Each structure stands twice: as structure tokens, then as C-alpha cells.
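Tertiary structure, described
Below are the chains, spelled out letter by letter.
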Amino acid sequence: MSTENLPQSPDQPQRKPRVAVVFGGRSSEHGISMVTAGAVLRAIDRTKYDVLPIGITQSGRWVLTADEPERMAITERRTPNVEQLAESSEGGVVLPVDPANREVVYTEPGSVPKALGEIDVVFPVLHGPYGEDGTLQGLLELSGVPYVGSGVLASAVGQDKEYMKRVFTSFGLKVGPYVVIRPREWQQDESAARKKIIDLAGDHGWPLFVKPARAGSSIGITKVEDLSGLDDAIAEAQRHDPKILVEAALRGREIECGVLEFEDGPRASVPAEIPPPDAHAYYDFEAKYIDSTPGIVPAPLTPEETADVQRLAVDAYEAASCEGLVRADFFLTEDGEFVINEINTMPGFTPISMYPQMWQASGIGYADLVDRLIEAALRRSTGLR
């Protein structure tokens, strides 16, 4: 869908496409979503698009927010929240549920609902459950509103690390050893569930990584060096998700690669390498976002290794039926094999995040990257495709 295809009344001049940037959300990645949104709001070409910032509070209320990206930054090692930018403590935003009507409405107790105009595309910069996991995508499909990024299935697969690995394995992509502990297993027989994890360590050694199965930004992850730390790690992961994933450590280099949708299909960026952070046990939340541990872009790989990881990144994108963008994370093991760790269907997207850095090194700057994603969303229809 191009600007020329936007609906116009006969007596109205042609209008710019209107982009709703949706951010915040109910997940533990609320603050990082806001940091991403600030960067996207700064980058959107206001001569080409009208912009409507919409925040989702941690309680799930949709609100109008100030269009002030400078207030969406990490300050004093703290991430921002939507409540700080909400224009009202009681008002709410309602998206259309009728595909024939894309008008957004603002409501406030005791006041007449106010129409805010139609939106043409949504740029959802939500991370984690209740946004990146297919839930928001399903709402937008029902509303008939195009949106940036993957659809319902790919978003759900990209959020649930268990099913992500199952999909990759079925398409011939190699994944590392892991076990899953579902909430019912833990509730019915903790000893048996714990034994699954201990058996994994017996087969592959310590350390293990204990993770929430459906979270991101390295939140809730613990590197467990021996049996004494296991129970605390399980409890920490379960604070974020009742289903947990436990992975054996892979010895090797951490390599990432971006995938971007072009008109003729997905293409891969130059890869990057994440070196072991000096002040952290692994590449955790603080290493990524607070201390901003720098990656190496492009990764020091041979031409053959670069071509391999780029091919595998596109294969992972296609295996999960992704759209728009993906960051694919791999380990390059000591025997020279790439093992896929995970994909992110809405990766960290600040200018210092790895995904934009990889595309910057590939010749596409941040503002151009944002524009390409919006254009790709406008080209697509909602519904089955």
C-alpha cells in the first residue's frame, strides 16, 4: 500500500499516512520498549508521516502520551514508564474493531468520546508477552490495520523459546541441548522436574542457563554454575513465566545477524559478534542496556562463515514465517558449526542496539531502516497471506 492508495474524500487534499507508534505494555520489558519507542519517534520522517504515540501502561491501559522522545531514555540506570508520559491518569485510547473503520477514539470518564482520526499503520515496539507474542498482532488483524513486523503465528513462535526450537529443528536448523519445565510438571512433582534439569547437567555439564520460556531482554535468566544455585534460578525464572527453559552452555562465539524484508524478499545484514562482557557473567540485561557493552560490527568471520550465518538467519526467518524484521542469534562453536539460539521478531531497536548497528554497517541508516519497515507494512494486507 502506497501513499497514493490511501482513502481520500473528493474534496480533501491528499493526506500523509498516519503511523501509530505503540509501546510500553504489561511485560517486564516495559521500560526497554519505551526506550525503543523514543528512538523510533525521533527517526520517523514527519514530512512523510503523521505520528500518533500510544502507550500501554503496566496495568494494560492504552493512553495518549506526549510526543517527547527525549523523555523515553534510560536515566540514572533506570528505564522510563508510560505513566510518566500519559496525558491523563484516567483517559484511554480505543482501537477500532471494525475493519471498515480505522478511527481511533479517546475516552475519559464524564466526557464525550473524542475521535482522533484514522490510522493507516501501527508500529508496535512492544517487547515480551502481551505485545511481541502475537496478542497485539491478533487485535490488529481483527481491526484490519496493517502493522510493522511478523504476524500472529511468527510472533508467537518467536516469543516461546520451546516452540521456536521445535520449529527450527523441524526445518533442519541445529539447536543446543535443552529441557522445558511446564507449570503442571513443577506443581505435580518438583523432584521429577528438577531431575530433568540435573540429568541435562549430567549429560552436558555445568553451567546451565535457566530462563523464562516466554521473555526477552535477558530478563529472569540465571547462569547456574552448580546444583547449589539451581532452586534460586528456577524461582527467578518462574517470577516472569510459569514455564521455564533450561539450556546447556555452548562453548563458542556469540554471533548475531539481522534480517530485513525487501520488496523481493528477506535479506541478511552483515553479522555482529557479542564479546564476553568484562563486568558481567554473560550478556545479561545490564550488559545490554545499562552498561551498553559494545558489539563488534561486522563480526570478524571468514567470508565463508559470514555467508553461512547470513543464509541460516534467512532460513530461520522463513522457517517461522516471519515478516518485516528479525534478529537471529547464533553460537559459532569450537568445531566451526553455527547453532541457532533464538530469534527476536521485535529486537531491541535503539540506535545502539545490535539490529540497527548491523544494518548501519550494511549501508542502511537508522531513519532509513524505520522508513523501510513502515513501507513494508503498508505494502502488506492483513488477514491470510
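Report on the accompanying structure.

Rules and cut-offs
Residues numbered from 1 in each chain as written. Predicted model: local features only at pLDDT ≥ 70, side-chain atom pairs only at ≥ 80, totals over all residues. Heavy atoms only, no water. Helix = DSSP H or I, 4+ residues; strand = E, 2+ residues; numbered from the N terminus. Rg over C-alpha atoms; globule rule 2.2 N^0.38 Å. Buried < 20%, exposed > 50% of the residue type's maximum accessible area, 1.4 Å probe, protein only. Contact = heavy atoms within 4.5 Å. Areas by Shrake-Rupley, 256 points an atom, 1.4 Å probe, with all protein chains shown as cover. Lys, Arg positive; Asp, Glu negative; His and termini not counted. Charge placed at Lys NZ, Arg CZ, Asp CG, Glu CD. Pairing = 2+ DSSP bridges. Axes fitted to C-alpha atoms, helices over the stretch in contact; angles between N-to-C directions. Salt bridge = Lys/Arg side-chain N within 4 Å of Asp/Glu carboxyl O. 1 Å grid on protein atoms, 1.4 Å probe; cavity = no way out; pocket = protein on both sides within 12 Å on 5 of 7 lines; lining within 4 Å. Points joined across faces, edges and corners; volume = space filled by probe spheres on them. Nonpolar A, V, L, I, M, F, W, Y, C, P; charged D, E, K, R; others polar. Phe/Tyr/Trp six-rings, centres within 6.5 Å; stacked < 30°, edge-to-face > 60°. Lys NZ or Arg CZ within 6 Å of the ring centre and 35° of its normal.

Counting secondary structure elements, the protein chain contains 11 helices and 16 strands. Relative to the globule expectation of 21 Å for 385 residues, the C-alpha radius of gyration of the protein chain, 21 Å, shows essentially globular dimensions. In terms of overall dimensions, the protein chain has C-alpha extents of about 75 × 50 × 40 Å along its principal axes. For the protein chain, with 385 residues in total, the buried portion stands at 55%. Taking the intrachain contacts of the protein chain between residues at least 6 apart in sequence as the baseline, contacts between residues at least 24 apart amount to 65%. Surface summary for the protein chain: the accessible area is close to 16,800 Å², and the carbon and sulfur share equals 50%. Positive and negative side-chain charges of the protein chain, numbering 37 and 58 respectively, have mean locations separated by a distance of 2 Å.

Here we take up helix α10 (residues 354–361). Along α10, the positions that sit buried rather than exposed are Met354, Tyr355, Pro356, Met358 and Trp359. In this structure, the buried residues of α10 make contact with β12 (252–262), β13 (265–268), β14 (272–274), β15 (325–333) and α11 (366–379). Gly363 sits one or two residues past α10 and shows a positive phi near 100°.

Looking now at the sheet that holds strand β2 (residues 50–56). Sheet architecture is open: four strands sit in the order β3-β2-β1-β7, paired in mixed fashion. Edge positions in the sheet fall to β3 (62–64) and β7 (121–124), since each has one partner strand and no second. Taking each pair of neighbouring strands and ignoring which way they run, the sheet shows an average axis angle of 30°. Packed on one face of the sheet, helix α1 (residues 30–43) meets β1 (18–24), β2 and β7 and runs near 155° to β1.

Our focus in this paragraph is the pattern of salt bridges. One pass over the full model with this rule turns up 34 salt bridges. When the shortest N-O distance is used, the salt bridge between Glu375 and Lys48 registers 3.1 Å. Here Glu375, found in helix α11, pairs with Lys48, found in the loop between α1 and β2; they are 327 residues apart in sequence, far enough to count as distant. With relative accessibility at 29%, the residue Lys48 sits in the partly exposed group. The salt bridge partner of Glu273 is Arg253, with a shortest N-O separation of 2.8 Å. Of the two residues, Glu273 is situated in strand β14 and Arg253 in strand β12; the sequence distance between them amounts to 20 residues. Relative accessible area serves as the criterion here: at 11%, Glu273 is assigned to the buried category. Note on Arg253: relative accessible area 28%, which makes it partly exposed. Overlapping salt bridges, with partners in common, bring together Glu141, Glu261, Glu323, Arg380 and Arg385 in one network.

Here the focus is the pairing of strand β16 (residues 338–344). The buried count for β16 comes to seven of seven residues, which makes it a mostly enclosed element. Bridge analysis of β15 against β16 gives six bridges, and the strand direction is antiparallel. Note that in β16 the partner of Phe331 across the bridge is Val339.

Quick look at empty space enclosed by the protein now. Counting across every chain of the model gives three cavities of 30 Å³ or more. As for the largest cavity, its lining consists of Glu29, Gly128, Glu132, Gly158, Gln159, Lys161, Met164, Ala215, Gly216, Glu342, Ile343 and Asn344. Listed by contribution, the elements that provide at least two residues to the lining of the largest cavity are α3 (152–159), α4 (161–170) and β16. Top element by residues in the lining of the largest cavity is β16. It accounts for three residues. When the residues that make up the lining of the largest cavity are grouped by side-chain class, the tally is three nonpolar, five polar and four charged. Volume-wise, the second largest cavity comes out at about 60 Å³. Lining the second largest cavity, in full, are Pro124, Leu126, Gly131, Glu132, Gln137, Val148, Gly149, Ser150, Ser155, Thr345 and Met346. Considered class by class, the residues forming the lining of the second largest cavity number four nonpolar, six polar and one charged.

With the rule as written, the count across this model stands at five aromatic pairs. Ring geometry for Phe330 against Phe338: centres 6.2 Å apart, planes inclined by 80°, an arrangement best described as edge-to-face. One exposure class covers both Phe330 and Phe338, and it is buried. We note Arg26 situated over the ring of Tyr130; from NZ or CZ to the ring centre the distance is 3.9 Å. Over the face of the ring belonging to Tyr163 we find Arg166, whose NZ or CZ atom lies 6.0 Å from the ring centre.

The next thing to look at is the environment of Thr302. Along the chain, Thr302 turns up in the loop between α8 (285–290) and α9 (303–319). Between the C-alpha atom of Thr302 and that of Ile364, which follows or precedes it by 62 residues, the distance is 22 Å.

Another aspect to go through is the sheet that holds strand β11 (residues 244–248). An order of β8-β11-β9-β10 is seen for the four strands of this open sheet, with the pairing classed as antiparallel. Two strands bound the open sheet, and with one partner strand each, they are β8 (178–181) and β10 (222–224). Within this sheet the neighbouring strands show an average axis-to-axis angle of 20°, counted without direction. The pairing of strand β9 (residues 208–212) with β10 spans three bridges and is antiparallel. Within the sheet, the bridge partner assigned to Leu208 lies in β10 and is Val224. Packed on one face of the sheet, helix α6 (residues 190–204) meets β8, β9 and β11 and runs near 175° to β8. Along the sheet face, helix α7 (residues 230–238) touches β9, β10 and β11 and points at about 25° away from the line of β9.

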